[in-house]
Amino acid sequence: MRMVFRWFGEGNDRIPLEHIRQIPGVEGVVWALHDIPAGEEWPMDRILQVKEQAEKHGLNIDVVESVNVHEDIKLGLPTRDRYIENYKKTIERLAQAGVKVICYNFMPIFDWTRTDLFKKLEDGSTALFFEKEKVESMDPLDLVAKIDADPQFTMPGWEPERLKHLTSLFEAYKGVSEEDLWNNLEYFLKQIIPVAEINNIKMAIHPDDPPWSIFGLPRIMTNKDNIKRFLNIIDSPYNGVTLCSGSLGANPNNNIADMVREFADRIPFAHIRNVKVYENGDFVETSHRTSDGSVDITEIVKAYHETGFTGYARPDHGRHIFDEECRPGYGLYDRALGIMYLWGIWDTLQRTAK
Ligand code: DNO
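Note that this is a predicted model, so its numbers are computed, not measured. (Residues numbered from 1 in each chain as written. Predicted model: local features only at pLDDT ≥ 70, side-chain atom pairs only at ≥ 80, totals over all residues. Heavy atoms only, no water.)

So, on to the pattern of salt bridges. Summed over the entire model, instances satisfying the criterion amount to 28 salt bridges. Note that Glu27 and Arg2 form a salt bridge whose closest N and O atoms lie 2.6 Å from each other. Taken as a pair, Glu27 in strand E2 (residues 26–31) and Arg2 in strand E1 (residues 2–6) lie far apart in primary sequence, 25 residues in all. Looking at Arg2, the relative accessible area reads 30%, which means it is partly exposed. The partner of Arg314 in a salt bridge is Glu65, with the nearest N and O atoms 2.8 Å apart. Within this pair, whereas Arg314 is found in strand E12 (residues 312–315), its partner Glu65 is found in strand E3 (residues 60–65), the two being separated by 249 residues in sequence. By relative accessible area, Arg314 is classed as buried at 0%. (Salt bridge = Lys/Arg side-chain N within 4 Å of Asp/Glu carboxyl O. Helix = DSSP H or I, 4+ residues; strand = E, 2+ residues; numbered from the N terminus. Buried < 20%, exposed > 50% of the residue type's maximum accessible area, 1.4 Å probe, protein only.)

Below, the structure is given as structure tokens:
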């Protein structure tokens with residue numbers, strides 16, 4: 001297991017690389033050029049700039065999260081080919097810079113979705129929260145009114161560009177079924193994976209978060225059967241998954257340790273975090289500790305250990321603790337605690353396996 005830590009870039013993340021370097025066992029940053037709109041090529045000089053910054057602190061840039069997929073590709077529009085060509089160029093450039101894994105997702109319009117970014121927990125910390133009923137009764141186009149009223153309005157993980165076009169995007173997705181989305185994903189993979197193979201970059205799709213349809217939009221990376229279907233589209237180690245225990249774990253029917261065991265050789269990148277799921281379908285993000293949430297983190301790490309996992313892993317969203325002011329879910333302290341928990345389990349397993 002090669003530990004890495006998500007970092008949003010100089011001037012875009014309050015956490016300095018000096019601090020990331022001090023977390024035990026962290027080898028690299030998980031990064032992206034967040035200001036480049038989906039569909040555009042990533043410039044080589046910008047890629048090399050991040051490499052230089054990270055390497056100065058002894059950290060690698062092996063994992064990129066994410067190179068976002070343009071909506072025209074997900075929609076299967078004729079304009080997609082231009083964006084796919086740009087995507088290929090970005091893969092080639094990242095390979096030249098030494099990148100080994102690219103994480104991406106295929107969620108229509110929205111990336112991860114929550115209803116409260118700072119929900120107060122019993123211990124006084126705050127965390128990301130999803131209220132199912134609220135999302136089910138919400139008209140997503142209300143967001144448009146919010147954005148118009150407040151041009152600074154942002155949502156975590158969503159490029160501001162995407163938010164500006166919500167109305168037309170919803171219009172475009174009318175009539176796009178799950179099967180259409182599968183077909184559009186297949187078209188994309190058939191063009192991208194051969195380029196990834198030549199360039200020795202493992203593509204790793206991220207599951208949908210939450211793993212079910214929201215706002216009537218299709219979502220397909222949601223469970224074991226669908227991941228299996230995805231991996232069979234192109235049976236290559238370069239066509240892999242970012243197995244995210246927190247995203248998949250929001251549905252109690254998903255057994256993540258079982259997925260680790262089944263898909264072991266197709267997981268170049270692991271996101272490991274806990275989530276507490278309530279009976280009404282709401283969920284809140286907790287500390288990484290198994291007993292704090294509904295996901296059996298201990299069993300998941302055990303499954304990675306058993307299968308001889310040599311891929312990259314990162315702690316995922318943390319709570320906001322010790323009065324830290326940070327990006328929602330991406331503070332330093334709780335994610336650092338998460339790493340030590342993961343190492344604690346891993347090191348104990350290493351010892352007992354001998
Ligand atoms: C949330 C992240 C996601 C992830 C993308 C991958 O914190 O796990 O935003 O980066 O879905 O493309």
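The discussion continues.
Right, let's get into the pairing of strand E4 (residues 101–104). Here E4 shows two buried faces, one formed by Val101 and Cys103 and the other by Ile102 and Tyr104. Sheet topology places E3 next to E4; three bridges connect them, and they run parallel. Looking across to E4, one finds that Val63 is bridged to Val101. Bridge count for E4 against strand E7 (residues 202–205) is four bridges, and the pairing is parallel. Opposite Tyr104, over in E7, you have Ile205 as the bridge partner. (Pairing = 2+ DSSP bridges.)

Quick look at the site of the ligand now. Taken together, 14 residues form the shell around the ligand, and within it Glu65, Ser66, Asn105, His317 and Tyr330 come nearest. A distance of 2.6 Å separates an oxygen atom of the ligand from a polar side-chain atom of Ser66. Note that an oxygen atom of the ligand is positioned 2.9 Å from one of the side-chain N or O atoms of Asp111. Here the ligand has 330 Å² of accessible area as a free molecule, and 98% of this is covered by the chains. Taken together, the residues that form the shell around the ligand break down as five nonpolar, five polar and four charged. (Near = heavy atom within 4 Å. Polar contact = N/O pair within 3.5 Å; in protein donor to acceptor, adjacent residues only side chain to side chain. Areas by Shrake-Rupley, 256 points an atom, 1.4 Å probe, with all protein chains shown as cover. Nonpolar A, V, L, I, M, F, W, Y, C, P; charged D, E, K, R; others polar.)

Let us now look at the state of the cysteines. Following the criterion strictly, the structure yields zero disulfides and no others. We note that Cys103 lacks a disulfide partner, and the nearest cysteine sulfur, in Cys244, lies 8.7 Å from it. The cysteine Cys326 is free of any disulfide, with Cys244 supplying the nearest cysteine sulfur at 18 Å. Residue classification places Cys326 among the buried positions, given a relative accessible area of 17%. (Disulfide = S-S within 2.5 Å.)

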